[in-house]
Structure formats: structure tokens, C-alpha cells
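# Results of the structural survey
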Amino acid sequence: MVLLLLNVAEYFTNAKNTCVEDENKSLEWWQTAVFYQVYPRSFKDSNGDGIGDLKGIEEKAEHFKDIGVDCVWLSPIFKSPMADFGYDISDYNKIDSVYGTMDDFVSLHKKLKSLGIKIILDFVPNHSSDEHEWFKKSVEKIMPYKDYYVWKDAKFDENNLRIPPNNWQSLFSNPAWTWNEKRGQYYLHQFDPKQPDLNYRNKELVDEMKNNLRFWLDLGVDGYRVDAVPFLFEDPNFSDDIRKPEELAIKEKNTYDQYYHPYTMDLDETYDMINQFRDVLDEYILKDGKIRVMITEGYTSMENTMRYYGNETNLGAHMPFNFGLIDRLNDFSNATKFKEAVNNWLDNMPDGKCANWVIGNHDQPRLATRLGSEMVDAMNMLNMLLPGAAFTYMGEEIGMSDTAVRWDQTIDPRGLNAGPDGYRTLSRDPARSPYQWNSSANAGFTVSSKPWLPVNPNYWRLNLDAQRKQHCSHYTVYKRLARLRKTRTVQRGSFDGRELSEWVYAFTRSLPSAETYLVVLNVGSEEERVDLSSWPTLVKDETWLVHTPSVNSQYSIGYSLKTNGFTMRPKSAMVLCNKRHSLVLSSFSSATQSISSSSLVFPVAMFLVALGFLLKNP
């Protein structure tokens, strides 16, 4: 018996020691952060011109603190003619007057810092505006700007008519080449004609872009989201892209989607440039010891995406964006699809790297529109409780949906290029509609009678103010999830995800010395019976407490459920907490608070608590 007890004591002591090493491993701020994307034009208008601005963001900064945000990411606020609403930058080092002044930015930064919230900016390296001084001087062939952009001589057809150098297409549809009469050459633009591509084979241009990074880092920003990175380099031979088989090509309204693009994206040089950008950010570690984060955006293959993580010699980005929960899931996806969407990233991610999760942004239809409003809480649970960083697009915390924007209201260049027949599919305007603060005119976004985009007509019932007053709402669920992210289990715990049936997906986050959290999602359209008894690492007949139910769940916070079976409504979800483990922890905490933490007494106390628990729970 004594030997048995000694073995038990040794087991608990070893488990504790192992756990301490594991649980106390150093984590950087960005690895556990909730990043909140603000699309500035649509967040809050402070001056009544119908367009959101920096003062509006500062006015509402307490909202970030309230919902548990760690870092605010601002979409472009730089000087721009707004052909692509800020992604066409005419001066990288100035604030556009529509958003305010540099003093406004400094004030916002100070406000966020006072709330303990970091800030990152968009870095748009692939292109500038055609109104940038660099481009104007490049047209004139003034050194050193002559080759800051990608210029190419015309070709001529059989009728001696001038035609573009090759068949490359813009992502916004139509040829990626525009003729400049003054220079007498075509320039490349993989997006809008007012967004000429920069030439990263020009060393002076590269130095300029690195200095742009330093400009804002010197002002105290905490990092960057780097836009459209797969397009930084193109084939130096300007080879034609490969057209898809005609039966596939003719189905695409956007001409870009009619081709494969081996010569205009994902070139090897791109990854080296990302490494160089990372080196710039890491210069600042030497100044104050703080890490500035770099997150890359690239809609590309999994293999190419993972390359942005870098390797032992080339660090790459801290995180490439993970769009799996957007790209791989729709309103008909079953539990297998959910499991694949999660595991596809975790299984491919290099060892030692940090995962991240994204369920929406300014370029994609909103979550509630893609998957239905009933799935808002379930998807926020996935986003917030899977291991790694979480990204929230403004409005996801209250379940905002896309606004129906008519053709005559459309202003997105991608939508306009698609024409009246195709704009509904390609326009990004619906996901960029103003934030719904309250039930007053224009949802409290602006006092102007005409906001820059129409407010969703459902604002009278779906708004932040209304949800803050409700006992159970998307807002209250989101806040509970954000608090849960601060626990050691969610920040450091292991992950185990499983299909419990065709339509039920579940996963655990667990640590040996802390609560286990079990997230269960019924992604189907019918009521489901959930049985956890076959889960190898869960104890049979274990009692679980409902920690956070979705708004459409039949269970309330604190409700007790058994492993061997319970039902769930369609599209509902829950976070459950391991009750027995919680009781162990409570007993352990009480016992250890009243004893010495000396090297002899502490293991003995831990052994006694464990023994007492085993005797009570054979």
C-alpha cells in the first residue's frame, strides 16, 4: 500500500513538473492575442461627412477594451485618391485628410495604449497609386524612379495594332496592362489601373519600402498586416499565363479567374522579400526588446502559404493568414468538413509556429451571410478557442450581415468592373457597410443623411446597444469567449478535435493542472443527440458544466450535462467545462494556499490532495 501511495505521489509530482515546464513556456503577446480589424471608413464618423475616421475610432475605443480585444488592426489610412479606398496609396507616410491628421493618429495611438491595446497597420507593398510622386517621376524617366514600376514595350498584332505585352489579367478583371502615352510603354497593374505594380527588382525601391516600415515603427506601431504578398514579383521573361480549359474558363465572369497564374504570383523571390521585411521589424527588438508582429495576406495554396512561416535561417512572417474557415466552409458543411478545415492548418503548420484563425474580413462576405446568423456563435467559438491567435472583423461580435447594395450604389472597383450582371458576386461593398452601433438614424454611425455606403436595414434590431442590454446575445457570448482566451488552458493547452456524428464537431482544450474545456458544435439543420462516451480521453459518466452556450442553445450557463448523452438544437454550440477537474483544482488551490511552498512540503501537500481525491473518486 505504501509503495502504491509513493508511486501515486511520484506520478503527481512528475506530472506537475512536466506541466510547469509546459504551462510556463514563454508566449509572445501576438501568439494569444485577439486582433480586431477596423475598416476605418465604416467604423465611426466623427465629423458628419458620412465617412468613418480616426477620431471616430478613438471615440469608440472603449468598445475594444469592453469586448477583450488585444490589438486593433487598421485597414489603410494613408493618403490616397481612393480609387480602391486606400489600397492605392499616394504617400505612404501621410494620413489621408478624409481620416484626419497625424495628430489624430497619435491621439488614437495614445488612447489605445492607455487601454492596454496594441495597434498594427496595413502595409501595401505590391503597388502604389498612379498619383504617387514616384509614379509621376517614373513616367518622366527621372532617376532613380525610372524603374520603380514594371514597364514593358507594346506588342503589335497582325494588323499592326498595339496590344499589351502578354495576356496577364488584373484581379479586378480585364488586362493587367495600361498604356501610358507620355512614357510610350505599358505599365503593369495586378489590381486597378490606378494601382501600378512596384518593381521589387529595383534596389532603390526596396530601400524606400523598408524605410516606410521604419517610419511607422518609429511612431510606435506594433507591427503590420502585409497586403497581397503573392504578387510582389512576376516572371522576368513575361511569359503568358495559362488559360484554363475552355469549359471552365467560360464560367468565370472575372477574366482573371479564366487563367492559371504561375508567372504572376508565388515566385521564390517573394519569400526572400518577406524575410527582408521581417529583418526590418526585428531591428526594433534590439531597441526595446519588444516584438513587432508581421502577418502576411495571401490567397494561395497551402504549400505556398506555409512557406511564409520561413525556416531556421529565414524567419519569414510571424503568421501567414489562415483563411481555411472562410474558404473551406459553407452553410452545408458537415462535421467532416469542419474537422478538415481545422486540421488542414494544424497538420501542415511547421513545428514551433503559431496558428491563427480568420472568419471574415473586408474582402469576403460576412460570416452571418456565408453560414447563416444561427452559426455566428459557433464560428466565434471556433475562432476564439482553437490554439493560436484570433482575428475578428468588426461586427462579427454582434453578428452583422452583408448589406444588399444595389448596382446604382456600387462603388467597389471590383464590383464595377464586373458590370450589372456580375457585380453581386464580385463586389466587396456589402461586407464593408457601416458598423451598427444603435437603433438611431444610420445606426449611430454618422449624423450625415448619406453614409458612404448604405447601412444594413436591419440596424433597428441588430445593433451593439441592443445586444448590450440583452441577457444573452452574440455580444455577451463573444465577451465570455474573450475572457476564456485568457485562461492557461486556452493559451497553452493541448487540442483534440473529433467528429461525433455526421453533423456534430467537437474539440477539447486541456492542461493536466487546469480545467478542460469542451466545445461542441451542431453544424446541421436538425436536432442532434450527442454522445461523448466513446471519446478516449474523456471520463465515462463525467459531469460537465455549460460555460458558454450559443444564443440558440436550449441550455443556460451552469447547466449540468453528462458525457453519455444530451441533445442540441440545430446550428447551436456550447463551451463545456470539466466539472470534476474544476473541483480538483479548487481543492488543490485551497490546500496549497495554507502550506509552505518549500521543496519538501509542496510535493507532499500535492500528494495528499491527490490521494484525497482518489479515495473520494475511486
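Analysis parameters
Residues numbered from 1 in each chain as written. Predicted model: local features only at pLDDT ≥ 70, side-chain atom pairs only at ≥ 80, totals over all residues. Heavy atoms only, no water. Phe/Tyr/Trp six-rings, centres within 6.5 Å; stacked < 30°, edge-to-face > 60°. Lys NZ or Arg CZ within 6 Å of the ring centre and 35° of its normal. Pairing = 2+ DSSP bridges. Helix = DSSP H or I, 4+ residues; strand = E, 2+ residues; numbered from the N terminus. Expected span 1.5 Å × (residues − 1). Buried < 20%, exposed > 50% of the residue type's maximum accessible area, 1.4 Å probe, protein only. Arc of directions from axis to C-beta. Core = buried A, V, L, I, M, F, W, Y, C linked by side-chain atoms within 4.5 Å. Contact = heavy atoms within 4.5 Å. Polar contact = N/O pair within 3.5 Å; in protein donor to acceptor, adjacent residues only side chain to side chain. Axes fitted to C-alpha atoms, helices over the stretch in contact; angles between N-to-C directions.

Moving on, we get to the packing of aromatic side chains. Overall, the coordinates contain 42 aromatic pairs when judged by the stated rule. Residue placement shows R41 over the ring face of W452; its charged tip is 4.4 Å from the ring centre. The cationic tip of R307 hangs over the ring face of Y271; the distance from NZ or CZ to the ring centre is 3.9 Å.

Strand order in the open sheet formed by eight strands is β15-β14-β11-β5-β2-β1-β17-β16, and the pairing between neighbours is parallel. The open sheet has two edge strands with one neighbour each: β15 (319-320) and β16 (356-358). Sheet topology places strand β1 (residues 34-38) next to strand β17 (residues 389-393); four bridges connect them, and they run parallel. Directly across from Y36, in β17, lies its bridge partner T392.

In this model, helix α4 (residues 102-114) (13 residues) spans 18 Å end to end at C-alpha, consistent with the 18 Å of a helix rising 1.5 Å per residue. Those residues of α4 not exposed but buried are D104, F105, L108, H109 and L112. In an axial view of α4, the angular spread of the buried residues amounts to 135°, which keeps them on one side of the axis. Summarising the geometry of α4, the exposed residues directed more than 90 degrees from the buried face are D103, K110, K113 and S114. Of the residues one or two after α4, G116 is the one with positive phi, at around 75°.

On to the pairing of strand β5 (residues 118-123), then. Of all six residues in β5, five are buried, a share of seventy percent or more. Examined bridge by bridge, strand β2 (residues 71-74) and β5 share four bridges and lie parallel to one another. Paired with W73 across the bridge in β5 is I120. By the bridge criterion, three bridges tie β5 to strand β11 (residues 223-226) in an arrangement that is parallel. Counterpart to L121 in the pairing with β11 is Y224.

The next thing to look at is the nonpolar core. Ranked by size, the top nonpolar core spans 117 residues in total, and within it F64, L74, Y200, Y224, M379 and L382 carry the most contacts. Discounting residues that sit within four places of it in the chain, F64 has contacts with Y36, V38, F43, I57, V69, V72, L112 and I117. Grouped together as the second largest cluster of nonpolar side chains are 18 residues, I120, F321, F323 and F391 included.

The next subject is the environment of V106. Take V106: it is sitting in helix α4. C-alpha of V106 to C-alpha of L219: the two residues are 113 residues apart in sequence and 8.1 Å apart in space.

Structurally, Q185 is set in strand β10 (residues 185-188). Note on Q185: relative accessible area 13%, which makes it buried. At a separation of 2.9 Å, a polar atom in the side chain of Q185 contacts the side chain of D153. Reaching out from Q185, the side chain makes a polar contact with the side chain of R183 at a distance of 2.7 Å. In contact with Q185, not counting residues within four places along its chain, are W151, K152, D153, T178, W179 and N180.

On to the sheet that holds strand β25 (residues 573-578). Taken together, the six strands give an open sheet; going across it, the order is β18-β19-β20-β25-β22-β23, and neighbouring strands pair in antiparallel fashion. Two strands bound the open sheet, and with one partner strand each, they are β18 (494-499) and β23 (560-562). With strand direction ignored, the average angle separating the axes of adjacent strands in the sheet is 30°. Summarising the sheet, β18 and strand β19 (residues 504-510) pair through six bridges and their orientation is antiparallel. The partner of G497 across the bridge, within β19, is F507. Against the sheet, helix α17 (residues 474-484) makes contact with β20 (517-522), β22 (543-549) and β25, and its axis sits at roughly 120° relative to β22, the strand it touches most.

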